[in-house]
Amino acid sequence: MAACSVFKTDFPAAPVTAAATSDYNYIIGPGDSLNIIVWRNPELSMSVPVRPDGKLATPLIDELVVQGKTSIEVAREIEKLLAKFVRDPVVTVIVTGFVGPYSEQIRVVGEAAKPQTLPYKNKMTVLDVMIAVGGLTDFADGNGASILRTSEGDKRYSVRLKDLIKRGDVSLNVEMKPGDILIIPQGWF
């Protein structure tokens, strides 16, 4: 037999060095839940979901685009809008349900037990992703997997998932970046 897999991966190995930066700030996206607290104004404090169009509405604020912003940026914007109605508003925004914008979600396609999208988390590794998706199927070519890194102009890197998961070779555990797509091909035996 010439090979166990039809697909040959000529991609460089994914870099093992830290991919995430320590100054990463979570970006709000559709589906997130926000807890808005207006100090000394409990009637204006509430939990609201971010709508699919990336906006939210609260009392005294008809529509506010929050997608693509940090919680601090949203809090300052709400303060500016409430200043017309409330003297010196102090607003805190806490993200309580995490989905994130589509551009930052990690996508897992192919022969994962449960292919899906995952919200990116700072310092997230490929092992974290594989645990979240339930591992590999029996038909996966785990060592033929690759990461498509959209933040680097769709550059592809090879990852050896079978060796990482089945053999416990943690030296193959690499950090994910926002927007990465993990592609797990089917093996042919």
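Quick caveat: nothing in here was measured; it's all calculated off a predicted structure.

### Topic: the pairing of strand 9 (residues 155-159)
- With five bridges joining them, strand 8 (residues 145-149) and strand 9 adopt antiparallel strand pairing. If you follow A145 over to strand 9, its bridge partner there is V159.
- From the end of strand 8 to the start of strand 9, which pair antiparallel, there are five residues, and G153 there has a positive phi angle of about 70 degrees.

### Observations regarding helix 1 (residues 71-82)
- In this model helix 1 runs 16 Å from its N-terminal to its C-terminal C-alpha over twelve residues, within 8% of the 16 Å that 1.5 Å per residue would give.
- Listed as buried for helix 1 are V74, A75, I78, E79 and L82. When helix 1 is viewed along its axis, its buried side chains cluster within an angular range of 140 degrees and face the same direction. Away from its buried face, by an angle of more than 90 degrees, helix 1 presents the exposed residues I72 and K80.

### Points about the sheet that holds strand 6 (residues 106-110)
- Spatially, 7-6-10-8-9 is the arrangement adopted by the five strands of the open sheet, whose pairing is mixed. Of all the strands in the sheet, just strand 7 (116-118) and strand 9 have a single pairing partner and so form its edges. Direction aside, the axes of adjacent strands within the sheet are offset by 20 degrees on average.
- With three bridges connecting them, strand 6 and strand 7 associate as antiparallel partners. Paired with I106 across the bridge in strand 7 is L118.

### Some points on unusual backbone geometry
- Despite not being glycine, R40 has its phi angle at roughly 65 degrees, a positive value.
- Note that R40 resides in the loop between strand 1 (33-38) and strand 2 (46-49).
- Even without being glycine, D154 reaches a positive phi, approximately 65 degrees.
- Structurally, D154 is set in the loop between strand 8 and strand 9.

The rules we used
Residues numbered from 1 in each chain as written. Predicted model: local features only at pLDDT ≥ 70, side-chain atom pairs only at ≥ 80, totals over all residues. Heavy atoms only, no water. Pairing = 2+ DSSP bridges. Helix = DSSP H or I, 4+ residues; strand = E, 2+ residues; numbered from the N terminus. Expected span 1.5 Å × (residues − 1). Buried < 20%, exposed > 50% of the residue type's maximum accessible area, 1.4 Å probe, protein only. Arc of directions from axis to C-beta. Axes fitted to C-alpha atoms, helices over the stretch in contact; angles between N-to-C directions.

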